[in-house]
Amino acid sequence: MFHVVFYHPEIPGNTGNAIRMAAGSGAALHLIEPLGFSVDDAKLRRAGLDYHDRAALHVHPDLDAAWTALRPDRVFAFSSSATRSYETVSYRPGDVLMFGPESVGLPPELLEADYVTPLRIPMLPGNRSLNLANSAAIAVYEAWRQQGFAMP
């Protein structure tokens, strides 16, 4: 249905939580290397509980490999610096929802790429960012809600 891309994720617990979210929503989770952990990391497994076998998890060596595999029509990149809010988009199955590493977010050159639409999730002034797994869940569930929570 939807593809969630974590570009260079750093914290295994966030990715583990995203695995649970992907299993519960039918989204596919794509991790772009380098990762800040091993996919065999105990913290990743613990955070994902027993959902690993229910989630579509893909690890790509770089972003080009991910784009070759996904061939996306639309890529939405989430950033606290974006001006357009995430709920203004009419999402479609197959859309890519991309998130950057926890410590720095997506690089400017990615946010400015012609094929990317930057989006933000509103938050109160003075806050730097939201948790990565929470941000992905907000985006996926809005996209899925717009589809009437259709089963993949």
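Residues numbered from 1 in each chain as written. Predicted model: local features only at pLDDT ≥ 70, side-chain atom pairs only at ≥ 80, totals over all residues. Heavy atoms only, no water.

## Regarding the pattern of salt bridges
Inspection of the entire model under this criterion finds two salt bridges. Residue Asp95 is joined to Arg74 by a salt bridge in which the shortest nitrogen-to-oxygen separation is 2.7 Å. A residue pair is termed long-range when its members are at least 10 positions apart, and Asp95 in the loop between β4 (75–78) and β5 (96–99) and Arg74 in the loop between α3 (63–70) and β4 qualify at 21 residues. A residue is classified by how much of its surface remains accessible, and Asp95, at 2% relative accessible area, is buried. With a closest N to O distance of 2.8 Å, Arg145 and Glu142 form a salt bridge. Here the residue Arg145 and the residue Glu142 both occupy positions in helix α5 (residues 132–146), the gap between them amounting to three residues, near one helical turn. Under the relative-accessibility criterion, Glu142 is labelled buried at 12%. (Salt bridge = Lys/Arg side-chain N within 4 Å of Asp/Glu carboxyl O. Helix = DSSP H or I, 4+ residues; strand = E, 2+ residues; numbered from the N terminus. Buried < 20%, exposed > 50% of the residue type's maximum accessible area, 1.4 Å probe, protein only.)

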